[in-house]
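Tertiary structure, described
Now for the letters of each chain:
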Amino acid sequence: MQSSSSPHLALVLGSGGVRSIAAVGVAEVLSAAGLRPDLIVGCSSGALFGATIALGMTSKQALEAAMALWSAELTQQRRWRAYAQLVAPRWFGFGAGFALRDDRRIAQRIAEAFGDVRLEDLPTPLRVIATDAASGQRVVLERGPMALALRASLAVPFMFPSIEVDGRRLVDGVVSDPLPVSAARDAALSVTLGFKGSMPRRIDRASRLAAQTSTSLINNLQQARVDAARNAGQRVLEIDLALDCHVGLWETEAMPYLFEAGRCAARAQLPHIAAQARLACVGGTRRSAMT
């Protein structure tokens with residue numbers, strides 16, 4: 001059951017495809033050092049893998065769940081009607097709910113993994129970031145069915161259908177906040193794991209030109225969010241993975257390697273994290289005394 005007190009250590013997880021599984025390795029190292037996060041904030045795949053941490057799964061359980069939840073096979077369920085909707089939108093009913101892919105199998109896997117767990121009942125609080133499709137505003141989900149919140153945070157526009165939550169049509173959180181640091185502004189210290197997208201090496205087709213533009217926008221938005229949080233006085237410590245090879249968004253077989261990369265990155269930063277946590281604790285105590 002969640003505590004109403006302000007969190008001390010938040011783990012903020014950005015969108016990064018399969019790379020976000022590294023968060024499980026980071027959390028394992030922090031917990032072993034007595035620095036267990038008491039808040040998880042996640043966007044897109046970061047929310048999905050962050051849910052395994054919030055539930056208190058062991059690293060082995062989290063890896064097994066992640067292997068079932070994140071695979072290319074789940075994204076290959078084409079909606080053949082979508083192509084007709086693109087060619088003849090008036091005849092075949094193109095609308096706000098358009099999607100190239102069928103997400104029913106994804107929904108089934110998420111339901112199998114998390115059942116009817118509600119966000120407000122998790123042992124560690126989890127804040128799931130999505131985007132209001134109509135307004136473009138960030139939405140922070142803290143209550144309600146966790147499976148529904150995760151589906152909303154993963155609903156990539158154009159690829160997957162939006163998800164209705166409390167009367168709002170929600171899509172992937174990466175659209176509004178790819179590394180949602182400010183959603184943990186009440187935490188004394190935020191440790192972040194974010195991923196900047198790789199730019200296409202050459203532009204030889206329309207999809208790569210579109211990818212160049214969208215990647216630039218997301219990368220710049222992510223950096224702007226982190227800078228804004230720091231300028232507002234938020235204590236933020238970024239963890240970067242040292243990967244010696246390129247890992248695609250859907251390379252499920254790379255998960256054990258990424259998990260270990262997360263552990264290594266956390267170990268390398270552990271003295272600094274511990275020192276920052278002590279400073280944050282002292283600062284929080286002083287603020288409490290003053291009030």
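Now for a description of the structure that goes with this document.

Reading the values: the criteria
Residues numbered from 1 in each chain as written. Predicted model: local features only at pLDDT ≥ 70, side-chain atom pairs only at ≥ 80, totals over all residues. Heavy atoms only, no water. Phe/Tyr/Trp six-rings, centres within 6.5 Å; stacked < 30°, edge-to-face > 60°. Helix = DSSP H or I, 4+ residues; strand = E, 2+ residues; numbered from the N terminus. Buried < 20%, exposed > 50% of the residue type's maximum accessible area, 1.4 Å probe, protein only. Core = buried A, V, L, I, M, F, W, Y, C linked by side-chain atoms within 4.5 Å. Contact = heavy atoms within 4.5 Å. Salt bridge = Lys/Arg side-chain N within 4 Å of Asp/Glu carboxyl O. Pairing = 2+ DSSP bridges. Right-handed = clockwise from strand over helix to strand, strands pointing away.

Before going further, it helps to examine the packing of aromatic side chains. Per the stated rule, a full pass over the model turns up 3 aromatic pairs. Look at W80 and Y83: their rings are 5.9 Å apart centre to centre, the planes differ by 35°, and that puts the pair in the tilted class. Of this pair, W80 and Y83 are both found in helix 4 (residues 80-87), 3 residues apart, which corresponds to roughly one turn of the helix. Assessed through its relative accessible area of 34%, Y83 is described here as partly exposed. With 5.1 Å between their ring centres and 55° between their planes, F98 and F158 make a pair best called tilted. Placement of the pair is F98 in the loop between helix 5 (89-92) and helix 6 (104-114) and F158 in the loop between helix 7 (146-153) and strand 5 (163-165), with a sequence separation of 60 residues. Here the aromatic cluster, defined as three or more aromatic residues joined through ring pairs, consists of F94, F98 and F158.

Relative to the assigned elements, L69 resides in helix 3 (residues 59-69). C-alpha separation for the pair L69 and F49, spaced 20 residues apart in sequence, amounts to 9.1 Å.

In terms of nonpolar packing, the biggest core is built from 67 residues, with L48, I110, L126, L141, L150 and L193 touching the most fellow members. At 10 residues, the largest contribution of residues to this core is made by helix 9 (residues 255-290). The contacts of L150, once residues within four sequence positions are left out, are A47, L48, A51, I110, F114 and V128. L39, I129, L179 and V236 belong to the second largest nonpolar core, which has 15 residues in total.

Moving on, we come to the side chain of Q234. Mapped onto the elements, Q234 comes out in the loop between helix 8 (206-231) and strand 8 (236-239). Among the residues examined, Q234 registers a relative accessible area of 11% and is labelled buried. Other than its neighbours up to four places away in sequence, Q234 contacts V181, S182, A184, R185, S190 and A229.

In this section: the pattern of salt bridges. Pairing between side chains of opposite charge can happen when their charged atoms approach one another. Summed over the entire model, instances satisfying the criterion amount to 16 salt bridges. K60 serves as the salt-bridge partner of E64, at 2.7 Å between the closest nitrogen and oxygen. Of this pair, E64 and K60 both sit in helix 3, 4 residues apart, roughly one helical turn. By relative accessible area, E64 is classed as partly exposed at 48%. Relative accessible area serves as the criterion here: at 59%, K60 is assigned to the exposed category. The shortest N-O distance in the salt bridge between D103 and R151 comes to 3.0 Å. Placement of the pair is D103 in the loop between helix 5 and helix 6 and R151 in helix 7, with a sequence separation of 48 residues.

Turning our attention to the environment of L279. Structurally, L279 can be placed in helix 9. For L279, a relative accessible area of 47% translates into the label partly exposed.

Turning our eyes to something else, we now look at the pairing of strand 1 (residues 9-13). Along any regular strand the residues' side chains alternate between the sheet's two faces. Taking burial as the measure, the 5 residues of strand 1 include 5 buried ones, the bulk of the element. On strand 1, burial covers both faces: L9, L11 and L13 on one face and A10 and V12 on the other are all buried. When strand 1 meets strand 7 (residues 189-193), the two strands line up parallel, connected through 5 bridges. The residue of strand 7 that forms the bridge with L9 is L189. Here 4 bridges tie strand 1 to strand 2 (residues 39-43), and the two strands are oriented parallel to one another. Looking at the pairing, L11 lines up with I40 of strand 2. One crossover worth recording links strand 1 to the parallel strand 2 by way of helix 1 (residues 22-32), and it is right-handed.

Geometric descriptors of this kind do not, in isolation, establish any biological role.
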